[in-house]
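Examination of the molecular architecture
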Amino acid sequence: MAQALEFWFDDAADAAVRGLWRRLDMAGVPSLATRTHGRHRPHVTFAVAGAIPPRTRETLREDLRLLSIPNLWLSTLAAFSTSETVLMLAAVVDTELLAVHSAVHDVLAKKVKQPSAYYLPGSWVPHCTLAQGMEPAQMTAGFAALYPVEPIKARVTEIAVVDSHTGEAEVLVSG
């Protein structure tokens, strides 16, 4: 089991990403909408760990309420070529976004089990996953189905800890 700290989007940005997911599905590329548990919401993940304990979640809840969460601009269609090939929309990185990310990891430091190195400060590539676990031909089809992508301005409206296997979520911040 893994738990992720996900930043979820306003209705317009959520709908825009879901529209991209539908375009992928229509092109024969399984999108995140149909991946694993099928309960995914459009998001940017700020941290992943084997477990984010309840006490740490409460501290996160308190700290996140004090932060000014910047809008995210999702504008670059790109890919990660890892063991689970990922088609994504990369977020524009600015100092505000990095400050929030750093604040999150200040809370999580030494308080979570098995943190994922991909999400630590200095390694993190903020992005919204569109599809993953694709074959090379599906990646090509995915790019063809989506390119060019109009930038999406996403306002963060909720932040949750999500179980990556079941999709169960605990909302820490809403509004």
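The rules behind the values
- Residues numbered from 1 in each chain as written.
- Predicted model: local features only at pLDDT ≥ 70, side-chain atom pairs only at ≥ 80, totals over all residues.
- Heavy atoms only, no water.
- Axes fitted to C-alpha atoms, helices over the stretch in contact; angles between N-to-C directions.
- Helix = DSSP H or I, 4+ residues; strand = E, 2+ residues; numbered from the N terminus.
- Parallel < 35°, antiparallel > 145°, perpendicular 65-115°, else oblique.
- Left-handed = near helix turned anticlockwise from the far one by under 90°.
- Contact = heavy atoms within 4.5 Å.
- Nonpolar A, V, L, I, M, F, W, Y, C, P; charged D, E, K, R; others polar.
- Buried < 20%, exposed > 50% of the residue type's maximum accessible area, 1.4 Å probe, protein only.
- Pairing = 2+ DSSP bridges.
- Expected span 1.5 Å × (residues − 1).
- Arc of directions from axis to C-beta.

**Section: the packing of helix α1 (residues 11-26) against helix α4 (residues 136-146)**
- Between α1 and α4, whose axes approach to 9 Å, the crossing angle comes to 125°. In terms of their interaxial angle, α1 and α4 are classed as oblique. Along this stretch, α1 crosses α4, giving a crossing that reads as right-handed. Residues Leu20, Arg23 and Leu24 of α1 touch α4, and the partners they reach there are Gly142, Ala145 and Leu146.
- For the contact of α1 with α4, the class distribution of residues is four nonpolar, one polar and one charged.

**Focus on the side chain of Arg61**
- Structurally, Arg61 is set in helix α2 (residues 54-66).
- Residue class for Arg61 comes out buried when judged on its relative accessible area of 13%.
- Here Arg61 is in contact with Glu170, Val171, Leu172 and Val173, once residues within four sequence places are set aside.

**Re the environment of Thr85**
- Locating Thr85 in the fold gives a position in the loop between β3 (72-80) and β4 (86-91).
- Residues Thr85 and Gln132, spaced 47 residues apart in sequence, show a C-alpha to C-alpha distance of 5.3 Å.
- What Thr85 contacts, discounting residues up to four positions off in sequence, is Phe80, Ala131, Gln132, Gly133, Met134 and Met139.

**So, the sheet that holds strand β5 (residues 127-132)**
- Spatial strand order, β5-β4-β3-β6: four strands in an open sheet with antiparallel pairing. The outermost strands of the open sheet, each flanked by one partner alone, are β5 and β6 (152-154). In this sheet, neighbouring strand axes are inclined to one another by 35° on average, regardless of whether the strands run parallel or antiparallel.
- Inspection of the sheet shows β4 paired to β5 by five bridges, in the antiparallel sense. In the sheet register, Ala90 faces β5, and the bridge partner there is His127.

**Some details on unusual backbone geometry**
- Tyr147 connects to Pro148 through a cis peptide bond whose omega is -10°.
- Even without being glycine, Lys110 reaches a positive phi, approximately 60°.
- You can see Lys110 is positioned in the loop between α3 (95-108) and β5.
- One non-glycine residue, Gln114, lies in positive phi territory at about 50°.
- By the secondary structure assignment, Gln114 is in the loop between α3 and β5.

**So, α2**
- For α2, built from 13 residues, the straight-helix expectation of 18 Å at 1.5 Å per residue is met to within 8% by its first-to-last C-alpha distance of 19 Å.
- Taken together, the buried positions of α2 are Thr56, Arg57, Leu60, Arg61 and Leu64. What you see down the axis of α2 is that its buried residues fit within an arc of 145°, all on one side. Facing away from the buried side of α2 by over 90 degrees, the exposed positions are Arg55, Arg65 and Leu66.
- Of the surrounding secondary structure, the elements contacted by the buried residues of α2 are β1 (3-9), α3, β7 (156-163) and β8 (169-174).

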